[in-house]
Each structure stands twice: as C-alpha cells, then as structure tokens.
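A structural walkthrough
Residues per chain are reported as follows:
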Amino acid sequence: MKTLVEFINDKQIEYPGATGDLTRLLNDITIAAKIVNREIRIAGLADINGRHGSTNIQGEDQQKMDVFANDHFINALKHGGQCAAIASEENEDLIIFGNAYSQQGKYVVAMDPVDGSSNIEVNVPIGTIFSIYKRVTPEGSSASVEDLLQKGRNIVAAGYVIYGSSTILVYTTGNGVNGFTYDPSVGLFFLSHPDMRIPEEGTIYSINEANYIYFPEGVKRYIKYCQVDDKATHRPYNTRYIGSLVSDVHRNLVRGGIFIYPGNAKNPTGKLRLLYECAPMAFIIEQAGGKASNGFHQILDIEPYGIHQRVPLFIGSKKMVEKAEEFMFEFSRDFSRLQGA
Ligand code: P6P
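Right, let's get into the pattern of salt bridges. According to the stated counting rule, one finds 18 salt bridges in the structure shown. The closest approach of N and O atoms between K2 and D10, which form a salt bridge, is 2.5 Å. Residue classification places K2 among the partly exposed residues on the basis of a relative accessible area of 33%. D21 is the salt-bridge partner of R24, the closest N and O atoms lying 2.7 Å from each other. Within this pair, R24 and its partner D21 are both found in helix α2 (residues 21–41), separated by three residues, close to a single helical turn.

What follows is about the side chain of E90. The residue E90 is located in the loop between β3 (83–88) and β4 (95–96) in this model. The buried charged residue E90 lacks any salt bridge, with R273 as its nearest oppositely charged partner at 7.3 Å. What E90 contacts, discounting residues up to four positions off in sequence, is N56, Q62, D66, N70 and P113.

This paragraph deals with the sheet that holds strand β12 (residues 238–239). One open sheet accounts for five strands, arranged β12-β11-β13-β15-β14; its pairing is mixed. The sheet terminates laterally at β12 and β14 (291–293), the two strands that pair on one side only. Relative to strand β15 (residues 313–316), strand β13 (residues 258–261) runs antiparallel, the two being bridged by four bridges. The residue of β15 that forms the bridge with I258 is G316.

Attention shifts here to the packing of helix α1 (residues 4–13) against α2. α2 packs onto α1 with a crossing angle of 160° between their chain directions and a minimal axis gap of 10 Å. Taken together, the axes of α1 and α2 are roughly antiparallel relative to one another. By crossing handedness, the relation of α1 to α2 is classed as right-handed. Residues L4, V5, I8, N9 and Q12 of α1 touch α2, and the partners they reach there are T23, L26, N27 and T30. Looking at the contact of α1 with α2, its residues break down into four nonpolar, five polar and no charged.

This part takes up unusual backbone geometry. Each neighbour pair has its own omega, and for R235 with P236 the value is 5°, a cis peptide bond. Note on placement: P236 falls in the loop between α5 (217–226) and β12. Positive phi, close to 45°, is recorded for D195, a residue that is not glycine. Summarising the element assignment, D195 is placed in the loop between β10 (188–193) and β11 (204–206).

This part is about the pairing of strand β9 (residues 177–183). Burial within β9 is extensive, with five of its seven residues counted as buried. Here five bridges tie strand β8 (residues 167–172) to β9, and the two strands are oriented antiparallel to one another. Residue pairing for β9: I168 is matched across the bridge by T181. Taking the residues between adjacent antiparallel strands as the criterion, β8 and β9 are bridged by four residues, where G174 takes a positive phi near 90°. Pairing analysis gives five bridges linking β9 to β10, with the strands arranged antiparallel. Looking across to β10, one finds that T181 is bridged to F190.

Parameters and conventions
- Residues numbered from 1 in each chain as written.
- Predicted model: local features only at pLDDT ≥ 70, side-chain atom pairs only at ≥ 80, totals over all residues.
- Heavy atoms only, no water.
- Salt bridge = Lys/Arg side-chain N within 4 Å of Asp/Glu carboxyl O.
- Buried < 20%, exposed > 50% of the residue type's maximum accessible area, 1.4 Å probe, protein only.
- Helix = DSSP H or I, 4+ residues; strand = E, 2+ residues; numbered from the N terminus.
- Lys, Arg positive; Asp, Glu negative; His and termini not counted.
- Contact = heavy atoms within 4.5 Å.
- Pairing = 2+ DSSP bridges.
- Axes fitted to C-alpha atoms, helices over the stretch in contact; angles between N-to-C directions.
- Parallel < 35°, antiparallel > 145°, perpendicular 65-115°, else oblique.
- Left-handed = near helix turned anticlockwise from the far one by under 90°.
- Nonpolar A, V, L, I, M, F, W, Y, C, P; charged D, E, K, R; others polar.

Structural data, given as structure tokens:
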C-alpha cells in the first residue's frame, strides 16, 4: 500500500535534476485537500452549506465551501514557498504572492478550489481541479499574468480531487495518470488506481440536454447518433449527467465515455473555464489515452488570453470525441457562426 508521499518521492528519484520543489508543491496541495475533505464530509454539521452571500467574477453565487476551500488552498500554497502566483476561479485577479520567499517559487498554479460546490447541499460528489506551470518570469521577481496564460501543453502537473463516496486524488506529471484513495483513519492517500487508462470507446455520453435547442447542429446530430438503435456499435448509449465536471470526467476515465459542454446560442464559448477546468482535465485525460477539444481544436493547444476565459469542452474516450468532432466539422458553418469566427 504505497502512500501518495512515497509515490511522489519515488517519481522524483526518476528525475535526476529534480530539486524536490514540485514534490513539496504537490504535498502542499494535498494538505489543503485533506482540510477541504474534512469539512465536506460534515458539511451539514459544519455550517458550510449554502451561499456565502457574495458572487465571484463569473457572477455566480459563491458557496461557503468555495470561500473556505479557496482560502485554505491559497494559504497552503502561500506558505509552501514553491508557488509564486495563483489563478483561482474564486478571484477576479491573479493572486500574486509578494513575499520574497514565494517570489523565489518556480511554479504557478491554476485552480478551481471546489468545482460544482452547489452540489454539496444535495450530497452530490464535487471536486478540486488544479494545474501547475513553470513560471516564465524570472524567479525572485514578482509573478505576472503571463506566467498563467500558457497553453495546456506547458502544464508540468495536473490533478483533481473527487470528494465522492470515497475521496480520490488523481494526478499526472506528464508520465501517466495515477489515483490515490484517502484513508481518513490514518490521514493518508494510498495508491489505489495505478496507471489509469481511459477506454478508447465507451457507451456513456454526458451532456445537459436541457440546452438542446441552443446547441450547434453538430452536437444535436451527435446526440441523435448516440441514440440510434444499433447493437453492433452498442447503441443507444447510456446518458449520465451528474452536473459536476470532476465526477462526470472521473466516471468516464474509469468506464469510458464522453462529456460535452458545448458552446451554444446563448453562450458561444460555453460555460467551463479553460485555465482551471478544461486544460487540467484535458491534460489528465490525454495522459490516460483519451482526447479533449473544443469540437475543433485540442484544448491543450489553445493559447489563453484571459485567466477566466471559457471554451467549449468535448472530453473523454478518444474514438467518441473523434466521432463528435466529425459531426462538428460536418456542420461547422453553424458552429463558426456561434463562435463568431
Ligand atoms: P450546467 C458546476 O457548476 C460546473 O461548473 C461543472 O462542474 C459542471 O460540469 C457544469 O458546471 C454543469 O453546468 O449548466 O449543466 O448546470
């Protein structure tokens, strides 16, 4: 039963030039995740349910847990000294650490401290999403937004924590994907899902069909494709939609499937944020053998222009994403118009 700390340390040994800074940064994230997990597990008792009474840059009601988690992740990263700045869903502006200790940090972090937090009060699984980049500005100087506005291809490490029936941390440093289950009785994460690979095909499609009439034609055609009765291709597929990105993607990583949050007539760029939702999840899924795009271009190749930029997301089993992309290309005149291309 290898612990997460042992696993990270073993992996570090595989990198001769490693200094241990990334190891310490991953451990800082793990500490904050344990604190968040503790509160989520007793949310109904800890006065952590419901709205905080403020809104975030997205204009969304902040949940008490959003603020609690954001504070703890920022605190852990600030005092860890490896991180020079954070882009968080909960903060309009970049969080730049001004102390000299943090300014020496080699890395910056993009994070969604608690994704899907409104699900807490109905006891639906939620998650934390993070990605780590090497800063492009000189160590010792104050970090800046250019340190975060990097393509997902530049991600050094990415992961998520799913606070579900069990708490599992899934992460990659670009050399495969591994999952660790938290044992609260000893306060440790243990390797439970070694070398995770997403099936190339699946029979689950995950999309909020309430928005059907606003979808691009290519998405509508793909949904109808999923519903065709054809036993040879295991259709009709099953539809599953939890309304929690980490949960929907984790299920597909384990079982196979596709998750789609498309652009639509109301929101041409969709709802999900590139930097701290789509890119980290895309990095993880690609590392597990899957695919992630905006329907046309791979998520990891998209050059960000803003830390809260939104993009459409098609993510999951490689062949399923490619089939959806075929429909998008075939009917792209509609999507390009939506995208204002
Ligand atoms: P909708 C949760 O609010 C979230 O950001 C993701 O976790 C989830 O996939 C998506 O929004 C659900 O959005 O519009 O279907 O409720």
